[in-house]
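Close look at the chain arrangement
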Amino acid sequence: MMLKRKNVDSEIAGILSVFVATTAAGINIYLAKIISFINRFLLTALMFTLSGLILLIVNIILGKIVDALIYGKKHFLKFLWIGIIGTSIPMSMVFYGLTLSPISNTFLLQTEVIYSMILSHLLLKERISKQQIILSLTAFLGIFLITTEGRLKGISIGDILFLLAPFFFQCAHIVAKNLMRDISPIIVVMYRLLVGGLFLLTLLILVGLNPIEAMKSLPPYENMMIFYLSINYALGNSFWYYGVKNINLSKATAIIITYPSISMILAILMLGEKLSPIKTIGIAMIFLSVLRLSLLRPVSE
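The structure contained in this document is the topic of the report that follows. This one's a predicted model, so the numbers in the text were calculated from it and none came from an experiment.

With that settled, consider the nonpolar core. I82, V188, W240 and Y241 are the most contacted members of the largest nonpolar core, which has 75 residues in total. The leading source of residues in this core is helix α8 (residues 185-206), at 11 residues. With sequence-adjacent residues up to four places away left out, W240 is seen in contact with S17, V18, A21, H173, L249, A252, T253 and I256.

Here we come to the packing of aromatic side chains. The description of an aromatic ring pair uses the distance of the two centres, along with the angle that the planes make with each other. Enumeration according to the criterion identifies 4 aromatic pairs in this entry. Between F48 and Y233 the ring centres are 5.3 Å apart and the planes differ by 35°, which places this aromatic pair in the tilted class. Note that F48 is positioned in helix α2 (residues 40-61) and Y233 in helix α10 (residues 220-246), a separation of 185 residues in sequence. With 5.7 Å between their ring centres and 70° between their planes, Y115 and F167 make a pair best called edge-to-face. Linking Y115 in helix α5 (residues 112-123) with F167 in helix α7 (residues 157-179), this pair joins segments that are 52 residues apart in sequence. Owing to a relative accessible area of 23%, Y115 belongs among the partly exposed residues under this scheme. Grouped by ring-pair contacts, the aromatic residues Y115, F167 and F168 constitute a single cluster.

Here α5 spans 16 Å end to end across 12 residues, near enough to the 16 Å set by a 1.5 Å rise per residue. Buried residues along α5 sit in contact with α6 (130-148), α7 and α11 (249-256). Where α5 terminates, the next one or two residues include K125, which has phi positive at roughly 60°.

In this section: the environment of L46. Inspection of the secondary structure puts L46 in helix α2. Under the relative-accessibility criterion, L46 is labelled buried at 7%. As a C-alpha pair, L46 and R192 span 146 residues in sequence and 14 Å in three-dimensional space.

Calculation criteria
- Residues numbered from 1 in each chain as written.
- Predicted model: local features only at pLDDT ≥ 70, side-chain atom pairs only at ≥ 80, totals over all residues.
- Heavy atoms only, no water.
- Core = buried A, V, L, I, M, F, W, Y, C linked by side-chain atoms within 4.5 Å.
- Buried < 20%, exposed > 50% of the residue type's maximum accessible area, 1.4 Å probe, protein only.
- Helix = DSSP H or I, 4+ residues; strand = E, 2+ residues; numbered from the N terminus.
- Contact = heavy atoms within 4.5 Å.
- Phe/Tyr/Trp six-rings, centres within 6.5 Å; stacked < 30°, edge-to-face > 60°.
- Expected span 1.5 Å × (residues − 1).

See the structure below:
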């Protein structure tokens, strides 16, 4: 009875954590949308690196830094995989894809929920119920409606990148979930962001960009905005991996892919964007499907 109660508490904590992560992701996308003063690759590299450094300080304060160093040495290649293959590369795909495809086609990134159900079933042995599949696809359809208003624009190379990037993200999450059986999520997130950020910064330096000079050229309030984004990203990723640790990855992914709805609501409230009937239907589909998903009992073994 006590074990069952503990599992239920972990499930609830995990779901709540993913909801917090979804909100943080939606806020970050909204803020990134209104920030137009900086190279997107540089913004991502700085945000990842600063977020990783923030979590490094948090780990020191929490007394986890010794464990972090031990695990970092023991699982060095896995952390490289998570940071580079599962973070830097897919984020680069997304930003390059944005130069080739309309932003409305970014709904294709939410195909991550499909990759997640397949990979989680094959590699993590999660049992995916028919109801979860239907609810996940309903949430995906809702995202499609609010980002495209039901109008799919021409397919391009950028769209292929949007389809590939989520696969790489999920490859990182699979490895991370296995690591978190023994390692604190905040340590895994720290390495993910530090490795991912430093890798991108190295690439930018190699192509001739000086990140320090770029930041010096910005007004103080813009640097403060980058710092705020970094804090929010560190917080959101920490809650995300805590959630992934405690609930099925496929279920967590089905919830977090709805973050564009948060961004859209903020745009309506803050920027005066109009809410069309189709977007209203999309929001309703997302809300109902995510609500039902959160109430589904775990079926993994």
